[in-house]
Protein chains: 2
Amino acid sequence: MTTVDHLRQVRLGNLRTVLLALVDRPGSRADLAARTGLTKATLGNLTEPLLAGGILVEEPATLAGMGRPSKPLRFHPEGPVAVGAEINVSHLAVETLGLDGETLERRLVPADTRGATADEVLDRVAELIREVTGPRKLLGAGLAIPGVVHDGVVIRTPNLPKLVGSPLAANLGRRLDLDVELDNEANLAALAHLWPHHLAGEDFVHVTADVGIGAGVVLNGEVYRGVSGFAGELGHVVIERNGVLCTCGSRGCVERYAGLDVILREAGRRTLNSLRKALDTGDSRAQEAVRKAGEALGVGLATLMNLFDVPTVVLGGSYALLYEHLSAAVQSEMDGRVLAGGERHARLVASPLGEFAVARGAAGLITRRAVQQPERLFA
Amino acid sequence: MTTVDHLRQVRLGNLRTVLLALVDRPGSRADLAARTGLTKATLGNLTEPLLAGGILVEEPATLAGMGRPSKPLRFHPEGPVAVGAEINVSHLAVETLGLDGETLERRLVPADTRGATADEVLDRVAELIREVTGPRKLLGAGLAIPGVVHDGVVIRTPNLPKLVGSPLAANLGRRLDLDVELDNEANLAALAHLWPHHLAGEDFVHVTADVGIGAGVVLNGEVYRGVSGFAGELGHVVIERNGVLCTCGSRGCVERYAGLDVILREAGRRTLNSLRKALDTGDSRAQEAVRKAGEALGVGLATLMNLFDVPTVVLGGSYALLYEHLSAAVQSEMDGRVLAGGERHARLVASPLGEFAVARGAAGLITRRAVQQPERLFA
DNA sequence: CAGACTAAGTTCAAGCATTGAACGAATGAG
DNA sequence: CTCATTCGTTCAATGCTTGAACTTAGTCTG
């Protein structure tokens, strides 16, 4: 720590505060000063390099009432952006995201990645990313995979076995000459509900079902990943200790009762769309399959809530699509099993984000990092 | 924020860093400078008021090799202390703790608190605290109860129903004219393993069985309490969704299989001591009861580890006393059910702290707060 | 025993981000 | 046109850390 560094930390912290306020909404220097608790003078200082660096723009002026009109500041429409990409077993998705939280481009293509090598997949991802990124400066790329990740390397991914041990972040980074951050799709889907906009508060769990069940846990406004990146493995929470054998070696894992494959099999359907049609026409076998899955999921979620004590559960992905047929059973199990005290109540909601949630979260990883470490914006 | 405040924050942060280094071990100004990354000059500045205020003392001098001898600084032996108290169904315990982490006094008395009112219990606690605190300045008192707590008020405590809704912190504070912090015994037992000394790393779960089962969760060096203080309710993790009915309204809770009352009943014993004697003499009914409890606990812990992803489980309280007869079954279930990847391995250890763990943790709450908010030391 | 050496602790001017007050700028009201 | 009002900038003051120079208090060598 040199002499400058301590004061520089203060400055960077204030810069972060200001940028966070701007993500919330644009505002003039005076308005930002009021919102952040800093002085107008400091705001002039802090925003000057952001304006000079093309991160922010000053809008013409807003004529509103008496006094000198304010010139609101907002993120520059030609400023830097981030891109997020999702590698899944049946599709690839990419999305570009501005610092202001606006989606710029998105693309989703079917792809059978199960048999593909890491290089083949990354080539295709890099191509997609090039398609959606224009001339604007790129802050970096976020990359999502269905599996556990550590230090940019895939540790475990039951459904894409050829990717295990592969340093995806570094390899995609080399292809694009870009900083790449690799993370679990469950974490990133959860992040998409936290950043850039709070869609479910600062403490919640986001649950999706693909082949397995993944939960992204947000505690105190931060995605909780655990020591080794294994946190939130809701799919392997045990609900029947002598139950069905699981691929993980355990018995009675939630995944074996509430996984999408189980629901489809029980309902006698091949695809999620077919299942939804059956549900809409009142097919009782389909409804029963979904209800039973909801019960199992509810038991697992009750356990999760008793351990994490978060007030909200967001059902995303396939679960969001089945929400109306699923939620009653889930809610009922949770209500009966979550420890109550005072006005504690488990709130269950469907994700509003749809199929781009993961890619958006991956991009959000990058814009969030840029705001939290503002020095990156000047690099 | 006035102009001073930003710089004051820097100073307080550095003060905290220095105090944390001193909790680790005493050291001269030069040594502390090296350990904290600050300069010798800053250390002179920071320690001066601590010495003047009687928080630290300068030891005579250590003659060790060449150069001017260093004068190590340590916490003043007559400096301020904290006291911790535990209210339990069958006993009360208190312990005083110095800033250096040394235990000064402790006392444990049997007490039947089940039927007592809050006032009766607090009178007795205040009396005990007065017995163990000498003339040294008191930084505050920590108070532990078996139950859920929020803002100094008891929210839920199945075994001490008369205390529900009672503002114990304020009421004990009034009796002693002292700052009192109220917390859950499970959290405080966990804290005792984290502060003042790391006994199980920075990420672990501490589990005890009394009437119920309580887990204190430490994530990233902080006790995790959850949004409403309900986090870590391992006792109500479901391991058999259609299992035994629990007092909480759910079915198949871990508590119903691994609670101390269940173990004793299954073993046909009345007290923990009698159970231990039976185990030592090779009583197979007792051994089987403990083994079965260990299995159930292991299933619940596996679920917990798959959600929190911490590397270590500490068995404390009664479980620590049963450790040698319990650990194999627990470990075996965990090994079979915790999701593995790389060199991930669930480490199971017995708490070394014994029956004062909770009271010590309660006192630690206060000394820790004093170090983390050093301005309190000058009040 | 004297002088060289070594390391601890202190002194002090320099650097820097924020602040508050004063000031200049831009507009509406009368 | 003048005053009130609000926005944004300028500037001296504040106070904490820093690094280098300096002082202090010992050991080591011959």
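Residues numbered from 1 in each chain as written. Chains lettered and ligands numbered in written order. Predicted model: local features only at pLDDT ≥ 70, side-chain atom pairs only at ≥ 80, totals over all residues. Heavy atoms only, no water.

The name given to chain A in an unreviewed UniProt entry is Transcriptional regulator, with the source organism recorded as Lentzea cavernae. Within the UniProt record for chain A, the comment given under Sequence similarities (unreviewed entry) is "Belongs to the ROK (NagC/XylR) family." (UniProt positions renumbered as here; feature names shortened; annotations may be inferred.)

*Asks:* Looking at this structure, how should I read the relation of the copies chain A and chain B?
*Replies:* There are two copies of the chain, and a rotation about an axis plus a shift along that axis relates them. Superposition of chain A onto chain B requires a rotation of 180° combined with a translation of 0.0 Å along the rotation axis, giving an RMSD of 0.1 Å. What the superposition gives is, in effect, a two-fold axis relating one chain to the other. For chain A, the smallest separation between a C-alpha atom and the rotation axis is recorded for Glu240 of chain A, amounting to 2.2 Å. Of the interface residues in chain A, 100% have counterparts in chain B that sit at the interface too, so the contact is made through matching surfaces. (Least-squares fit on C-alpha atoms with pLDDT ≥ 70 in both. Contact = heavy atoms within 4.5 Å.)

*Asks:* Explain the pairing of strand 13 (residues 312-315) of chain A here, please?
*Replies:* Note on strand geometry: in a regular strand, side chains alternate between the two faces of the sheet. Residues and elements named next belong to chain A. Burial along strand 13 is two-sided: Thr312 and Val314 and Val313 and Leu315, pointing in opposite directions, are all buried. Bridge count between strand 13 and strand 14 (residues 347-350): four bridges; the pairing is parallel. Looking across to strand 14, one finds that Thr312 is bridged to Arg347. (Buried < 20%, exposed > 50% of the residue type's maximum accessible area, 1.4 Å probe, protein only. Helix = DSSP H or I, 4+ residues; strand = E, 2+ residues; numbered from the N terminus. Pairing = 2+ DSSP bridges.)

*Asks:* Help me understand the interface of chain A and chain B, please; the structure alone is not making it clear to me.
*Replies:* With 50 residues of chain A in contact, the opposing surface of chain B contributes 50 residues. The largest share of the area that chain A buries against chain B comes from Arg241, Leu307 and Leu339 of chain A, three residues that together contribute 21% of it. Where chain A packs against chain B, one counts two salt bridges. We note a salt bridge from Arg241 of chain B to Glu240 of chain A, for which the minimum N-O separation is 2.9 Å. Linking chain A to chain B there are 28 residue pairs in polar contact (both at pLDDT 80 or more). Elements supplying a minimum of two residues to the side of chain A that touches chain B: helix 1 (3-24), strand 8 (153-156), helix 10 (284-308) and helix 12 (323-337) of chain A. Looking at the side of chain A that touches chain B element by element, the count peaks at eight residues for helix 10 of chain A. A breakdown of the residues in the side of chain A that touches chain B according to their chemical character gives 24 nonpolar, 15 polar and 11 charged. (Buried area = accessible area lost by both parts, 1.4 Å probe. Salt bridge = Lys/Arg side-chain N within 4 Å of Asp/Glu carboxyl O. Polar contact = N/O pair within 3.5 Å; in protein donor to acceptor, adjacent residues only side chain to side chain. Nonpolar A, V, L, I, M, F, W, Y, C, P; charged D, E, K, R; others polar.)

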